[in-house]
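If you want the building blocks of each chain, they are given just below.
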Amino acid sequence: MRNLPADLAALLAMVVTTNVTVFAPVIRATPLRIVFGLAFVLFVPGYAFVAALYPMAGEPVVGAGFESADAASGTDSVRSGPDGLERIVLSLGLGLAVVPLVGLVLNFTPWGIRLVPIAIALSGVTLVSIAVAAVRRWNLPVDERFRVPYREWIAAGRATALKPNTRADAAVNAVLAISILIAVGSVGYAVAVPQPSEQFSAVYLLTEDDDGALVADDFPTEFVSGESGELILGIDNNEHRTTEYTVVVVEQNVSVDGNETVVHDQRELERLETRLSHDETWHHPYEFEPTMTGENVRVA
């Protein structure tokens, strides 16, 4: 672990931290889960994959104070991998490619696309990529290994921020710093204080097909006197609060006049009650037996 390159060690720490924020009982209810989850999904697997593919350093980046040691000393090295900004762009692109592929594979497994399988699969892919990247770097000469030039970037950023060449550069630096603070603050506020989503309840009827699956189809349309039928009553609570529901089953004698249905007689068959928490679903098999006869009788 002591010999693990700094960027790979940071990836390993990110994997552990993200899993803690996602699964830890108290922390998973905080905005940290969203922050680390987004950063992990969008960047970490892609960067680990790029690191495994390209263990060698790239061409020196000349300009803006980001010159590498080779460029400063005038020496040449054999370099064949991307460097700096190229790795970041490749990491984002590969991240957007790897994550859907993992989801596609999980879709054809018994576990499906759910939180726990996705977190475990992405963590596994990332850890394997980190291990491959570390081994491939260790097998290279020290001067050919990719490394993140933290010191050079910090020194260049400090020189640019604290010792601008002109007043215009100083103004641009100030505007950039303020813009970054506003952007970070806006994102932080949006994560910490999410807007309430739409509140609604979904009420529906289902039947059971030959395979035992619940479908919104094949509803019974004809009954013989004394014959009963069965439906599945369904309710989804998305009210963001615990809600009490009452389902009233009525039998109606109706007539149809154009697009208008007129109820001539109505009889209550049963009244069912349930209490659901937010995001809770209620499926209740209900067997009913109509008491009216005729062509224009319906159950609602």
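Here is what the cut-offs are and how they apply
- Residues numbered from 1 in each chain as written.
- Predicted model: local features only at pLDDT ≥ 70, side-chain atom pairs only at ≥ 80, totals over all residues.
- Heavy atoms only, no water.
- Core = buried A, V, L, I, M, F, W, Y, C linked by side-chain atoms within 4.5 Å.
- Buried < 20%, exposed > 50% of the residue type's maximum accessible area, 1.4 Å probe, protein only.
- Contact = heavy atoms within 4.5 Å.
- Patch = residues over 30% accessible without salt bridge, like charges linked within 9 Å, V, L, I, M, F, W, Y side chains within 5 Å.
- Areas by Shrake-Rupley, 256 points an atom, 1.4 Å probe, with all protein chains shown as cover.
- Salt bridge = Lys/Arg side-chain N within 4 Å of Asp/Glu carboxyl O.
- Lys, Arg positive; Asp, Glu negative; His and termini not counted.
- Charge placed at Lys NZ, Arg CZ, Asp CG, Glu CD.
- Helix = DSSP H or I, 4+ residues; strand = E, 2+ residues; numbered from the N terminus.
- Pairing = 2+ DSSP bridges.
- Axes fitted to C-alpha atoms, helices over the stretch in contact; angles between N-to-C directions.
- Parallel < 35°, antiparallel > 145°, perpendicular 65-115°, else oblique.
- Left-handed = near helix turned anticlockwise from the far one by under 90°.
- Polar contact = N/O pair within 3.5 Å; in protein donor to acceptor, adjacent residues only side chain to side chain.

(A) Structural view of the nonpolar core. With 21 residues, the main nonpolar core has L8, L11 and V44 as its most contacted residues. Excluding its chain neighbours within four sequence positions, the residues that come into contact with V44 are L11, M14, V15, A39 and T126. In this structure, L231, L272, Y286 and F288 belong to the second largest nonpolar core, which totals eleven residues.

(B) Focus on a negative patch on the surface. On the surface, a cluster of negative charge is contributed by E208, E227, E230, E287 and E289. Residue position: E289 is located in the loop between β6 (281–288) and β7 (297–299).

(C) Looking closely at the sheet that holds strand β2 (residues 214–215). Strand order in the open sheet made by the four strands is β2-β1-β3-β6, with antiparallel pairing throughout. The open sheet has two edge strands, β2 and β6, and neither has a second partner.

(D) A look at the packing of helix α1 (residues 6–23) against helix α5 (residues 115–138). For the pair α1 and α5, interaxial distance at closest approach is 10 Å and the crossing angle is 170°. With respect to each other, α1 and α5 are oriented roughly antiparallel. In the crossing of α1 with α5, the sense of the turn from one axis to the other is left-handed. Here α1 contributes D7, L8, L11, L12, V15, N19, V22 and F23 to the contact with α5, which in turn contributes L115, V116, A119, S123, T126, L127, I130, A133, A134 and R137.

(E) Structural context of the side chain of D236. Relative to the assigned elements, D236 resides in strand β3 (residues 229–238). Put simply, D236 is tucked away with no salt bridge, and the nearest opposite charge, on R241, sits 16 Å away. Here Y204 takes part through its side chain, which lies 2.9 Å from a polar atom of the side chain of D236. Residues within four places of D236 in sequence aside, it is in contact with F200, S201, A202, Y204, Y245, E280 and T281.

(F) Representation of the sheet that holds strand β5 (residues 260–276) within the structure. Spatially, the three strands line up as an open sheet ordered β5-β4-β7, and their pairing is antiparallel. A strand with exactly one partner marks an edge of an open sheet, and here the two such strands are β5 and β7. Between one strand axis and the next, the sheet turns by 15° as a mean value, whatever way the strands run. Taken together, the 15 bridges between strand β4 (residues 243–257) and β5 define a ladder with antiparallel strand orientation. If you follow Q252 over to β5, its bridge partner there is Q266.

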